[in-house]
Amino acid sequence: TKQKKRHMGDTKHFCPVSLKENFVLYPGLQEHAAKYREKIYYFSTSEYRDKFLKSPEEYVAHKEPLQAPPLRVCLLGIHGAGKSTCARQIADKLGIFHIQFEEYLQELILPKTKKKVGPSFDEDREDDNKIPEELEDFSQTMTKTKTEKSKQEVKLTDEEEAIKANLMDNMELPPEVLDKIVPDWWKKEPFRSTGFILDGFPRTSDEARYLSERGLCPDVAVYIQVEEDDVLDRLLPLRLKQWKDKQHKKKEYKKKLKELKAKKRV
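Residues numbered from 1 in each chain as written. Predicted model: local features only at pLDDT ≥ 70, side-chain atom pairs only at ≥ 80, totals over all residues. Heavy atoms only, no water.

- By the naming in an unreviewed UniProt entry, the protein chain goes by KAD9 kinase and is assigned to Ptilorrhoa leucosticta.

The following block contains the structure:
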């Protein structure tokens, strides 16, 4: 038997309460459906359905159509796939924000760490460039500066430590840390009314589940798949430059050490 076509509400199969209160197009479920003025509305939860039924006029269109939220995109792919390059081009073309997740995390702790952290930056170990104790008299200024800096070093909070561990060792960020970062892109200005392309998040199934549980729905998720050779061609020149810079640093250090030893003999 042919079923009669349902007359959907203003938000079609999206939850009108999620749209009004969170400015998110969240797909509703048939088990959470309700009828109002001969139209069917779907809701993301039974609580939102009950809320709608108490005051439906707050969530339906009146003189003008309901405003849809801006575009929100999650761009995924392995390191070196070219996500940031693509994201910048898309953001410029569509007039939305480009949020590079790892770079955003770096900026959160940079005021305290004073430098970016993580394997990509391959920083020299402190001991590698430490002046031997017997030569400290000839490098008092340098030693004092290092000592003062270490004394003035600001202790990281638990949240900042979690962010640093994520950048250094890819440790998972706990939900309480994500809660202070991610929801703002959906709920606060200027992102709320402009839209964004989120580059590099979510990276794991747990992070994807986090978005779902918080009702933070992207309009589209794009995964960039590339060949191994393409990644090598993109990353190798940068890694080679970093290696050359590191070798140059070591050479300068050895030269300085040699000069200090010569002064000590004199």
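The discussion continues.
1. Notes on unusual backbone geometry
Right, so step 1: Residue Pro190 is reached from Glu189 by a cis peptide bond, and omega for that bond is 5 degrees.
Right, so step 2: With respect to the secondary-structure elements, Pro190 resides in the loop between helix H8 (183-187) and helix H9 (191-194).
Right, so step 3: The linkage connecting Phe201 with the following residue, Pro202, adopts the cis geometry, with an omega of 0 degrees.
Right, so step 4: As for its position among the elements, Pro202 is in the loop between strand S5 (196-199) and helix H10 (205-213).
Right, so step 5: In this model, Arg37 sits at a positive phi of 50 degrees, which is unusual for a non-glycine residue.
Right, so step 6: By the secondary structure assignment, Arg37 is in the loop between strand S1 (29-36) and strand S2 (39-43). (Helix = DSSP H or I, 4+ residues; strand = E, 2+ residues; numbered from the N terminus.)

2. Digging into a nonpolar patch on the surface
Right, so step 1: Together, Leu71, Ile90, Leu94, Val220 and Val222 give the surface a local cluster of nonpolar side chains, amounting to about 350 Å² of exposed area.
Right, so step 2: For the nonpolar patch, the elements supplying multiple residues, two or more each, are helix H3 (83-94) and strand S6 (220-224).
Right, so step 3: Mapped onto the elements, Leu71 comes out in the loop between helix H2 (46-54) and strand S3 (72-77). (Patch = residues over 30% accessible without salt bridge, like charges linked within 9 Å, V, L, I, M, F, W, Y side chains within 5 Å. Areas by Shrake-Rupley, 256 points an atom, 1.4 Å probe, with all protein chains shown as cover. Salt bridge = Lys/Arg side-chain N within 4 Å of Asp/Glu carboxyl O.)

3. Considerations on the packing of aromatic side chains
Right, so step 1: The full count for this structure, using the stated rule, is nine aromatic pairs.
Right, so step 2: Both rings, one in Phe43 and one in Phe52, keep their centres 5.0 Å apart while their planes meet at 50 degrees; by these two values the pair is tilted.
Right, so step 3: Note on Phe43: relative accessible area 0%, which makes it buried.
Right, so step 4: On the basis of relative accessibility, which here comes to 0%, the residue Phe52 falls in the buried class.
Right, so step 5: Centroid distance Phe52 to Tyr59: 6.1 Å. Interplanar angle 40 degrees. Geometry classified as tilted. The burial state of Phe52 is the same as that of Tyr59; both residues are buried.
Right, so step 6: Grouping aromatic residues by their ring pairs yields a cluster made of Tyr36, Tyr41, Phe43, Phe52 and Tyr59. (Phe/Tyr/Trp six-rings, centres within 6.5 Å; stacked < 30°, edge-to-face > 60°. Buried < 20%, exposed > 50% of the residue type's maximum accessible area, 1.4 Å probe, protein only.)

4. Observations concerning the environment of Glu21
Right, so step 1: Assignment of secondary structure puts Glu21 in helix H1 (residues 16-22).
Right, so step 2: Glu21 sits in the partly exposed class, given a relative accessible area of 33%.
Right, so step 3: Taking C-alpha positions, Glu21 is 9.5 Å from Lys187, a pair spaced 166 residues apart along the chain.
Right, so step 4: Once you skip the residues sitting within four places of it in the chain, Glu21 turns out to touch Tyr48, Lys51 and Tyr59.
Right, so step 5: Of note is the side chain of Glu21, whose polar atom sits 3.0 Å from the side chain of Tyr59. (Contact = heavy atoms within 4.5 Å. Polar contact = N/O pair within 3.5 Å; in protein donor to acceptor, adjacent residues only side chain to side chain.)

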